[in-house]
Amino acid sequence: MPRITAARVIVTRPGRNFVTLKIETDEGVYGLGDATLNGRELAVASYLTDHVIPCLIGRDAHSIEDIWQYLYKGAYWRRGPVTMTAIAAVDMALWDIKGKLAGMPVYQLLGGAAREGCMVYGHANGSDIAETIERAQEYLEQGYRAVRLQSGVPGMATTYGVSGERFYYEPAKGSLPEESQWSTAKYMRFVPELFQKARDALGWDIHLLHDVHHRLTPIEAGRLGRDLEPYRLFWLEDATPAENQAAFRLIRQHTTTPLAVGEIFNSIWDAKQLIEEQLIDYIRATVVHAGGITHLRRVAALADLYQVRTGCHGATDLSPVCMAAALHFGLSIPNFGIQEYMRHSEETDAVFPHAYSFERGLMHPGDKPGLGVDIDEVLAAKYEYKRAYLPVNRLEDGTMFNW
Ligand code: GCO
Ligand code: MG
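Predicted model only: the values in this text are computed from it and were never measured.

**Things to note about helix H11 (residues 320-332)**
Moving on, step 1. A rise of 1.5 Å per residue sets the reference length of H11, with its 13 residues, at 18 Å; its end C-alpha atoms lie 18 Å apart and thus fit the reference within 8%.
Moving on, step 2. Here H11 lies mainly inside the structure; 13 of its 13 residues are buried.

Here's what the structure looks like:
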């Protein structure tokens, strides 16, 4: 039995902050888990160092399910993003260890490949429609089969998803939260035009996606979904905040545009009603924020009963360790839908050498034993943590709103 002998948290900032858990065993192998919770990184680092690691030492590293239950039930305080991210990091690291000891990539332990690769979508964004379409064309040239479109909205100084960067979007910047402004009316008038022009320029052989980023009421979301129906979106994401799962009934009554939600969910309970009532088409919960591979498999199994497919969150704040875990997971489940893929910066990739690869719009986790990601600790030590917040958002009259 491989015993856990040590575990520690590595905080580094190769371009952005990442928290990584490293678990060591007496059999000479170690495992890595992503523990990054954007804007609240050190809370998870402390949760792991001060409260979880002492309970791990001496345990059988093979007992993934038992350790998951121990940390979930044993905390007494169940769920929540900090707890579930910490549990996810342990879970990922243990799957990594199990794979290394078995000499197999994790997807083989999960049942083997159920498809050739995981279809991914990239992010095209621009300050206006023409620039957004130009970026989308670049993705098409690189072989992408799906692309998310976000564009600056006339009359609004900033818009979610729009950055100066070409292939990624990094919203966590300020040492205090930046303030942005929002106008639903301006946005709602503009988005159908974006997609109409995109279809004219890009044609119909590419999947188009869009992220509303929690900004509409259910009835507004219903109207936007209906206005976008002619352009056949792959999905409309986070159309309204989802704490109230029943709110999606209203959207569903008004549109057949497929709906995706769940990047901020941390357990199956956040999605139970949405899935069971078939109020969504894609569940976006991901490995790092929703309890690891072990818990996400449970979410996917429930979703499969209702023909809901996965579409895991994959922004740059999810480290290459999470990206790899998501690919092993996505490759092995029956109801994989799509995987978000925002490329990491070169600095990030250098700190986390990885076996996953992109080809013709699909990603594959690679066949290295375990997750197939390592961490260069010498390089990581050169990048010191720096506090960075996500922005906050206000309506034009100053009312605090959803970012
Ligand atoms: C997405 C997300 C991100 C989040 C970010 C927050 O769809 O990729 O909405 O852009 O805002 O990951 O940490
Ligand atoms: Mg999103």
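**Some points on the coordination of the magnesium ion (ligand 2)**
Moving on, step 1. Protein coordination of the magnesium ion (ligand 2) is provided by Asp211 (OD), Glu237 (OE) and Glu263 (OE), with donor distances spanning 1.9 to 2.2 Å.
Moving on, step 2. If you list the donors of the magnesium ion (ligand 2) from N- to C-terminus, the spacing comes out as D-x25-E-x25-E. Of this pair, Glu237 sits in strand E8 (residues 235-237) while Glu263 sits in the loop between strand E9 (259-261) and helix H9 (272-276), and the two are 26 residues apart along the sequence.
Moving on, step 3. A relative accessible area of 0% places Glu237 in the buried class.

**Here's the deal with the nonpolar core**
Moving on, step 1. In this structure, Ile23 and Val90 are the most contacted members of the largest nonpolar core, which totals 121 residues.
Moving on, step 2. Of the residues that make up this core, three or more belong to each of domain 1 (4-105) and domain 2 (109-367).
Moving on, step 3. The next biggest cluster of nonpolar side chains, apart from the first, holds ten residues, and it includes Met119, Leu209, Phe234 and Trp235.

**Some thoughts on the side chain of Thr132**
Moving on, step 1. In this structure, Thr132 sits in helix H5 (residues 129-141).
Moving on, step 2. For Thr132, a relative accessible area of 0% gives the class buried.
Moving on, step 3. Beyond its immediate chain neighbours, meaning those up to four positions away, Thr132 contacts Ala124, Asn125, Gly126, Leu149, Gln150, Ser151 and Leu194.

**Let's talk about the sheet that holds strand E15 (residues 392-395)**
Moving on, step 1. With respect to topology, three strands assemble into an open sheet ordered E6-E15-E16, the strand pairing being mixed. In the strand order of this sheet, the two ends are held by strand E6 (179-182) and strand E16 (400-401), each with one partner.

**So, the pattern of salt bridges**
Moving on, step 1. This model, assessed by the stated rule, comprises 20 salt bridges.
Moving on, step 2. We note a salt bridge from Glu276 to Lys272, for which the minimum N-O separation is 3.3 Å. Of this pair, Glu276 and Lys272 both sit in helix H9, four residues apart, roughly one helical turn.
Moving on, step 3. Since its relative accessible area comes to 32%, Glu276 is described here as partly exposed.

**What to know about unusual backbone geometry**
Moving on, step 1. Located in the positive-phi region is Arg232, a residue other than glycine, with phi close to 50°.
Moving on, step 2. Along the chain, Arg232 falls in the loop between helix H7 (218-228) and E8.
Moving on, step 3. The class for Arg232 is exposed, based on a relative accessible area of 59%.

**Description of the packing of helix H3 (residues 81-102) against helix H10 (residues 292-305)**
Moving on, step 1. The N-to-C vectors of H3 and H10 enclose an angle of 105°; their axes lie 6 Å apart at closest approach. Our classification of the angle between H3 and H10 gives roughly perpendicular. Only Gly292, Ile293, Thr294, His295 and Arg297 of H10 make contact with H3, whose side of the interface consists of Met84, Ala88, Asp91 and Trp95.
Moving on, step 2. In the contact of H3 with H10, the residues fall into four nonpolar, three polar and two charged.

**A look at the site of ligand 1**
Moving on, step 1. If you check the shell around ligand 1, you find 15 residues, and the closest are Tyr160, His213, Glu263, Asp317 and Glu340.
Moving on, step 2. Asn38 has a polar side-chain atom sitting 2.9 Å from an oxygen atom of ligand 1.
Moving on, step 3. Between ligand 1 and Glu340 there is a distance of 2.5 Å, counted from an oxygen atom to a side-chain nitrogen or oxygen.
Moving on, step 4. Against a free-state accessible area of 340 Å², the protein chains account for coverage of 95% of ligand 1.
Moving on, step 5. A per-class count over the shell around ligand 1 returns four nonpolar, four polar and seven charged.

**Some words on the sheet that holds strand E1 (residues 4-12)**
Moving on, step 1. Pairing within the open sheet is antiparallel, and its three strands lie in the order E1-E2-E3. The sheet is open, and its two edges are formed by E1 and strand E3 (30-34), each paired on a single side. Taking each pair of neighbouring strands and ignoring which way they run, the sheet shows an average axis angle of 20°.
Moving on, step 2. Of the pairings in the sheet, the one linking strand E2 (residues 18-25) to E3 comprises five bridges and is antiparallel in character. Bridge pairing in E3 links Leu21 to Gly33.

**Let's talk about the domain arrangement of the chain**
Moving on, step 1. Taken domain by domain, the chain holds domain 1 (4-105) and domain 2 (109-367).
Moving on, step 2. Computed from C-alpha coordinates alone, the two centres of domain 1 and domain 2 are separated by 26 Å.
Moving on, step 3. Taken together, the contacts link 32 residues of domain 1 with 34 residues of domain 2.
Moving on, step 4. Considering only the surface of domain 1 that becomes buried against domain 2, Phe18, Trp95 and Pro105 emerge as the three largest contributors, covering 22% of it.
Moving on, step 5. The interface formed by domain 1 and domain 2 holds two salt bridges in total.
Moving on, step 6. One salt bridge in this structure joins Arg298 and Glu65, with 3.3 Å as the shortest N-O distance.
Moving on, step 7. Where domain 1 packs against domain 2, one counts eleven residue pairs in polar contact (both at pLDDT 80 or more).
Moving on, step 8. Looking at which element gives the most residues to the side of domain 1 that touches domain 2, the answer is H3, with eleven residues.
Moving on, step 9. When grouped by side-chain class, the residues that make up the side of domain 1 that touches domain 2 number 17 nonpolar, nine polar and six charged.

Calculation notes
- Residues numbered from 1 in each chain as written.
- Chains lettered and ligands numbered in written order.
- Predicted model: local features only at pLDDT ≥ 70, side-chain atom pairs only at ≥ 80, totals over all residues.
- Heavy atoms only, no water.
- Helix = DSSP H or I, 4+ residues; strand = E, 2+ residues; numbered from the N terminus.
- Expected span 1.5 Å × (residues − 1).
- Buried < 20%, exposed > 50% of the residue type's maximum accessible area, 1.4 Å probe, protein only.
- Donors = N, O, S within 2.8 Å, 3.2 Å for Na, K, Ca; no water.
- Core = buried A, V, L, I, M, F, W, Y, C linked by side-chain atoms within 4.5 Å.
- Domains from an automatic or database assignment.
- Contact = heavy atoms within 4.5 Å.
- Pairing = 2+ DSSP bridges.
- Salt bridge = Lys/Arg side-chain N within 4 Å of Asp/Glu carboxyl O.
- Axes fitted to C-alpha atoms, helices over the stretch in contact; angles between N-to-C directions.
- Parallel < 35°, antiparallel > 145°, perpendicular 65-115°, else oblique.
- Nonpolar A, V, L, I, M, F, W, Y, C, P; charged D, E, K, R; others polar.
- Near = heavy atom within 4 Å.
- Polar contact = N/O pair within 3.5 Å; in protein donor to acceptor, adjacent residues only side chain to side chain.
- Areas by Shrake-Rupley, 256 points an atom, 1.4 Å probe, with all protein chains shown as cover.
- Buried area = accessible area lost by both parts, 1.4 Å probe.

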